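Topology and contacts: notes
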Amino acid sequence: MLWQGLELTVAVGLCAMLIAIGLGLLGAWAKLSQPSIIKSIANTYTSLIRGVPELLLILLVYYGAPTLIQDLSSNLGYSFIVDLNPFVAGFLTIGFIYGAFATEVFRGAYLAVPRGQIESAHAIGMNSSTAFRRIILPQMWRFALPGLGNVWMVLIKATALISVIQLDELMRNASIAAGATRQPFTFFLAASVMYLGITIISITIQRKAEVWANRGIRNV
Amino acid sequence: MDLTIIWESLPRLLGGALLTLEITGLSILIGLALAVPLAIMRLSDKSYIRIPVYSYIFYFRGTPLLVQLFLVYYGSGQFQEFLDRVGLWLFFREAYFCAVLTLTLNTAAYTAEILRGSIQSIPRGEVEAARAHGMSSVLLYRRIVLPKAFRLALPAYTNEVIFLLQATSLVSIITLLDLTGVARIIVARSFEPYKLYIAAGVIYLLITYVILYISKRVEHRLSAHLRKRSSPNVSPSNFR
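As the structure is a computational prediction, the values presented were derived from the model and not from experiment. (Residues numbered from 1 in each chain as written. Chains lettered and ligands numbered in written order. Predicted model: local features only at pLDDT ≥ 70, side-chain atom pairs only at ≥ 80, totals over all residues. Heavy atoms only, no water.)

Here we look at the overall build of chain A
- Looking only at helices and strands, one finds 8 helices and 0 strands in chain A.
- Written out in order from the N terminus, the α and β elements of chain A read α-α-α-α-α-α-α-α.
- Projected onto its principal axes, the C-alpha positions of chain A cover 65 × 55 × 25 Å.
- For chain A, the proportion of its 220 residues judged to be buried stands at 42%.
- Look at the contacts in chain A between residues 6 or more apart in sequence, and 76% of them connect residues 24 or more apart.
- For chain A, the separation between the mean place of its 15 positive charges and that of its 9 negative charges on side chains is 15 Å. (Helix = DSSP H or I, 4+ residues; strand = E, 2+ residues; numbered from the N terminus. Buried < 20%, exposed > 50% of the residue type's maximum accessible area, 1.4 Å probe, protein only. Contact = heavy atoms within 4.5 Å. Lys, Arg positive; Asp, Glu negative; His and termini not counted. Charge placed at Lys NZ, Arg CZ, Asp CG, Glu CD.)

Dropping the structure here:
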């Protein structure tokens, strides 16, 4: 039962991480772009998300968003009922939150790519998207990996909060088992050891990935 | 949009915010007091000191706070008889005590790791110079290492304080009526989810900005000797 919960936790975590990376790239692009409207939208996004607790955001999305949409649509004369699946609501919210952290990581990584590289890409006639795909992105990964690793580590721990909206992930299954067997300490300790296992495996993979991303770079 | 519900429940939300601040403040103070010796022990040469402290830090940083909270609050129930016999059950029965205990242990682990980083980044030369002056280890830490380590750690520590402030929202799950807890109760009774959650979010944001402002001021004060001396002001308004 805990094992099934663990699988669901990892699944939610991976889906959320994909969303976070997507939003992070988008957010970093927005923060670095010229039009000030796009820039201020991205700035508002990152500072709002970092100032409000995750739990509150999860409650807001899961319980608040459907009602908000219904209210707005009834004002416009439509009526439809939104029913969010806890899995989808969970990974969308977590992804949305950690997208703000990933934005900062990608922004830093983009700024770490030497300007000359980008200028020479333009000089040999690459357009912006080709330069981004061939020159900037491969080098950004190298600078972004340590930060992304941290985001993942915090993200996977934040998935425990989704148990609040009744998704049967690791934490909720541990609670159910603890209640049924009257051995809360045993089950929560087991769950915490599983989270610790995820953390240890993640650290190992992160080290490998960093070695891979740094291939071709001389170690000092 | 009808906003009277927010206005009506504002006193209760602010009451919840007060509990949030109280739990945050208490955990931060005790956590910091624990973190200083832990950071020094974490850097010890003796493995029987270093390894237990490292394991403690690794456990608390590697597992979700929610699990830690449940482990203390619900998990202690499994040892009720034992705790009752040594007279500690009185404390573990209280959600408030469990919340502060868990948050303190959690923030102590994170803070110790931040302090360890800043202690390690102090230039060796300064430590050697202090030793050459004949300072004992205690004096060395008190006069040279810790003051500089605190200053270096301040930006990261501010982040930790903000994370802890937001982490206190989890205590609403173990029945405490902090800001999130109050919002959840009013939502459950009024069926007005988004207005109240947004109102609570705004209060959290305000508290976060106050913390950031205080941190900026503290940083400004602590780095007075590192700033360029302001050039004597010769703007015309000074010649009256």
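Points about the interface of chain A and chain B
- Counting residues at the interface gives 35 residues for chain A, matched by 34 residues for chain B.
- For the pair chain A and chain B, the interface holds 0 salt bridges.
- Applying the counting rule to chain A against chain B returns 9 residue pairs in polar contact (both at pLDDT 80 or more).
- Elements with a contribution of two residues or more to the side of chain A that touches chain B: α2 (36-51), α3 (54-75), α7 (170-181) and α8 (184-213) of chain A.
- Ranked by the residues each element gives to the side of chain A that touches chain B, the list is headed by α8 of chain A, at 11 residues.
- Across the side of chain A that touches chain B, the residue classes tally to 22 nonpolar, 10 polar and 3 charged. (Salt bridge = Lys/Arg side-chain N within 4 Å of Asp/Glu carboxyl O. Polar contact = N/O pair within 3.5 Å; in protein donor to acceptor, adjacent residues only side chain to side chain. Nonpolar A, V, L, I, M, F, W, Y, C, P; charged D, E, K, R; others polar.)

Observations concerning the packing of aromatic side chains
- The full count for this structure, using the stated rule, is 16 aromatic pairs over all chains.
- Between the aromatic rings of F101 of chain A and F163 of chain B, the centroid separation amounts to 6.2 Å while the plane-to-plane angle is 20°, which identifies the pairing as stacked. Here the residue F101 of chain A occupies a position in helix α4 (residues 86-112), and F163 of chain B occupies one in helix α8 (residues 137-167), the pair thus bridging two chains.
- Ring geometry for Y73 of chain B versus Y74 of chain B: centroids 4.9 Å apart, planes at 65°, classification edge-to-face.
- Counting every residue linked through ring pairs, the aromatic cluster contains F188 of chain A together with F70, Y73 and Y74 of chain B.
- Here the guanidinium or amino end of R142 of chain A rests over the ring plane of F143 of chain A, the centre of that ring lying 4.4 Å away. (Phe/Tyr/Trp six-rings, centres within 6.5 Å; stacked < 30°, edge-to-face > 60°. Lys NZ or Arg CZ within 6 Å of the ring centre and 35° of its normal.)

Some points on the nonpolar core
- Ranked by size, the top nonpolar core spans 125 residues in total, and within it I94, Y98, L155 and M171 of chain A together with L13, L66 and L170 of chain B carry the most contacts.
- In this structure, I94 of chain A is in contact with A16, I58, L155, A158, T159 and I162 of chain A, ignoring residues within four places of it in sequence. (Core = buried A, V, L, I, M, F, W, Y, C linked by side-chain atoms within 4.5 Å.)

Considering unusual backbone geometry
- Even without a glycine there, the phi angle at R182 of chain A is positive, about 60°.
- Judged by relative accessible area, R182 of chain A falls into the exposed class, the value being 71%.
- Even without being glycine, T175 of chain B reaches a positive phi, approximately 70°.
- Within the element layout of this structure, T175 of chain B appears in the loop between α8 and α9 (179-190).
- Residue T175 of chain B is classed as exposed on the basis of its relative accessible area, which comes to 54%.

Comments concerning the pattern of salt bridges
- Taken as a whole and assessed by the stated rule, the structure comprises 9 salt bridges over all chains.
- The shortest N-O distance in the salt bridge between E104 of chain A and K31 of chain A comes to 2.6 Å. One end of the pair, E104 of chain A, is in helix α4; the other, K31 of chain A, is in helix α1 (residues 2-32), and 73 residues separate them in sequence.
- Here the salt bridges do not stand alone but share partners, grouping R42, R61, E113 and R116 of chain B into one network.

Considering the packing of helix α1 (residues 4-42) of chain B against α8 of chain B
Residues and elements named next belong to chain B.
- Look at α1 against α8: their axes get within 11 Å of each other, and the N-to-C directions meet at 145°. Here the hand of the crossing between α1 and α8 comes out right-handed. Along its contact with α1, which presents T20, T24, S27, I28, L32, V36 and I40, the element α8 presents Y141, L146, F150, Y157, V161, L164 and L165.
- Classifying every residue of the contact of α1 with α8 by side-chain character gives 11 nonpolar, 3 polar and no charged. (Axes fitted to C-alpha atoms, helices over the stretch in contact; angles between N-to-C directions. Left-handed = near helix turned anticlockwise from the far one by under 90°.)

Function cannot be inferred from these measures alone, as they are strictly geometric.
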